[in-house]
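Descriptive structure summary
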Amino acid sequence: MKPSQMPGYIYQKAFGTRSFFYVGGTRKGELGKQYMDGQMFVEVYLPEKIRQPYPIIFFHGAGQTNINWLITPDGRKGWADYFVEQGYTVYLAEQPSRGRSAYHYTPDNPLIYHDLDDLRERFTSDQGSWLQAAKHDQWPGYGEEDEKAIFEQFARSQVEYLPDNKRSQELVLACMEELLSITGSAILLTHSQAGPFGWNTLDRYPELVKGIVALEPSGPPFSNNLSKPVALNYGISELPLHFLPEIEKPEDFKLELLPAPEKRAVGWLDYEGNP
């Protein structure tokens, strides 16, 4: 098949150098049956001339892999190429126990996946349960064969993932010291389920995080339960974050339900003023 006939985006060599490596991970298992667990695969794309002072570290969301950043399901250029063209060094981190970051099964460490109908409603439909879904216009419809094929490409790219968001955050944070020792000061770009990765890393390594771009970060803050004013997490993370005044446990937050303008959404607010 000729390159022009292949599905997907045809790369025009936006980058000068491409590499990859792994960070993190620990040795587990009994003697003679040991394996590495918790390591994180990282792809690197360097422009032919670095024109930006800080690299960008990308983190994909639930059910996704680094493919997210390389190409769109309908074959357009991905964000990795775009930012390399702007002179950024780009690091694409694949979450531990996902994709090329090996997963090892244990009974208390299962995987889940997106049901295809749920996938369509969550990611591609303007008929979702959130009121803002009606404004969604970034995906084509499904009336034509080529439009169905685009969704098929997207569906084929999905993989299993850990159901425990707190565990995913712990695994990524355990890898960040080594990754930041390689990248130096960096900008973090997170999507969806990966939103807390940025806040956790900033909280742990504030001197090395120069900015966070959070795309559709997971939420709403504190709780999805809009009937009970009890914090289930640390607002924007399942892992503890530093607050002033200090918070020892989620139950210490004093919450108030705050309606959004035009009744588009509601969410919890800590009314004692903790940032």
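Quick notes on the rules
- Residues numbered from 1 in each chain as written.
- Predicted model: local features only at pLDDT ≥ 70, side-chain atom pairs only at ≥ 80, totals over all residues.
- Heavy atoms only, no water.
- Helix = DSSP H or I, 4+ residues; strand = E, 2+ residues; numbered from the N terminus.
- Buried < 20%, exposed > 50% of the residue type's maximum accessible area, 1.4 Å probe, protein only.
- Polar contact = N/O pair within 3.5 Å; in protein donor to acceptor, adjacent residues only side chain to side chain.
- Pairing = 2+ DSSP bridges.
- Core = buried A, V, L, I, M, F, W, Y, C linked by side-chain atoms within 4.5 Å.
- Contact = heavy atoms within 4.5 Å.
- Axes fitted to C-alpha atoms, helices over the stretch in contact; angles between N-to-C directions.
- Parallel < 35°, antiparallel > 145°, perpendicular 65-115°, else oblique.
- Left-handed = near helix turned anticlockwise from the far one by under 90°.
- Nonpolar A, V, L, I, M, F, W, Y, C, P; charged D, E, K, R; others polar.
- Salt bridge = Lys/Arg side-chain N within 4 Å of Asp/Glu carboxyl O.
- Expected span 1.5 Å × (residues − 1).
- Bend = angle between axes of the 7 residues up to and from the residue.

Notes on the side chain of threonine 72
- Topologically, threonine 72 is positioned in the loop between α1 (67-70) and α2 (79-85).
- Given the relative accessible area of 18%, threonine 72 is considered buried.
- Within the structure, threonine 72 has its side chain in polar contact with the backbone nitrogen of arginine 76 (distance 2.7 Å).

What to know about the pairing of strand β5 (residues 56-59)
- Burial along β5 is two-sided: the residues Ile56 and Phe58 and Ile57 and Phe59 are all buried.
- Across 4 bridges, β5 lies against strand β6 (residues 90-94) in parallel orientation. Bridged to phenylalanine 59 within β6 is alanine 93.
- Bridging between β5 and strand β7 (residues 186-191) involves 4 bridges; their strand directions are parallel. Bridge pairing links isoleucine 57 to leucine 188 in β7.

Details of the nonpolar core
- Core analysis: the biggest nonpolar cluster contains 20 residues, and Phe21, Val23, Met40, Ile57, Phe59, Met176 and Leu179 have the highest contact counts within it.
- Elements supplying a minimum of two residues to this core: β1 (17-23), β4 (40-46), β5, β6, α5 (165-183) and β7.
- With 5 residues, α5 is the largest single contributor of residues to this core.
- Discounting residues that sit within four places of it in the chain, valine 23 has contacts with Gln39, Met40, Val42, Cys175, Glu178, Leu179 and Ile182.
- Counting residues in each nonpolar core, the second largest holds 14 residues, with Phe15, Tyr45, Leu70 and Tyr88 among its members.

Focus: the packing of α5 against helix α6 (residues 195-204)
- Where α5 contacts α6, the two axes come as close as 10 Å, and the packing angle between them is 50 degrees. It follows from the interaxial angle that α5 and α6 lie oblique. Pair α5 / α6 crosses with right-handed handedness. Counted together, Ser168, Gln169, Val172, Leu173, Met176 and Leu180 of α5 and Pro196, Phe197, Asn200, Thr201 and Arg204 of α6 form the full contact between these two elements.
- Class assignment of the residues belonging to the contact of α5 with α6 gives a composition of 6 nonpolar, 4 polar and 1 charged.

Remarks on the pattern of salt bridges
- Counted under the stated rule, the structure contains 8 salt bridges.
- Note that arginine 18 and glutamate 43 form a salt bridge whose closest N and O atoms lie 3.1 Å from each other. Placement of arginine 18 in strand β1 and of glutamate 43 in strand β4 is noted, with a sequence separation of 25 residues between them.
- For glutamate 43, a relative accessible area of 1% gives the class buried.
- Put simply, aspartate 252 and lysine 249 hold a salt bridge, and the shortest N to O gap is 3.0 Å.
- Taking the relative accessible area as the measure of exposure, aspartate 252 reaches 25% and is therefore partly exposed.
- Here the salt bridges share partners, and the residues they tie into one network are Arg18, Glu43, Glu94 and Arg100.

What to know about α5
- For α5, with 19 residues, the first-to-last C-alpha span of 25 Å sits near the 27 Å given by 1.5 Å per residue.
- If you look at α5, its biggest bend is around 40 degrees, right at methionine 176.
- Of all the positions in α5, only Ser168, Gln169, Leu171, Val172, Leu173, Cys175, Met176, Leu179, Leu180 and Thr183 are classed as buried.
- In this fold, the buried residues of α5 make contact with β1, β4, β5, β6, β7 and α6.
- Its side-chain oxygen at 3.0 Å from the backbone nitrogen of lysine 166, aspartate 164 defines the N-terminal cap of α5.

Considering α6
- Residues of α6 that are buried include every one of Gly195, Pro196, Phe197, Gly198, Asn200 and Thr201, and no others.
- Tucked into the core, α6 has its buried residues touching β5, α5, β7 and β8 (209-215).

Some points on the sheet that holds β5
- Read from one edge of the open sheet, 6 strands run β1-β4-β6-β5-β7-β8, paired in mixed fashion. The sheet is open, and its two borders are formed by β1 and β8, each paired with just one other strand. Geometrically, the sheet is characterised by an average inter-axis angle of 20 degrees between neighbouring strands, direction not taken into account.
- Those strands touched by α6 are β5, β7 and β8, and its axis lies near 160 degrees from that of β8.

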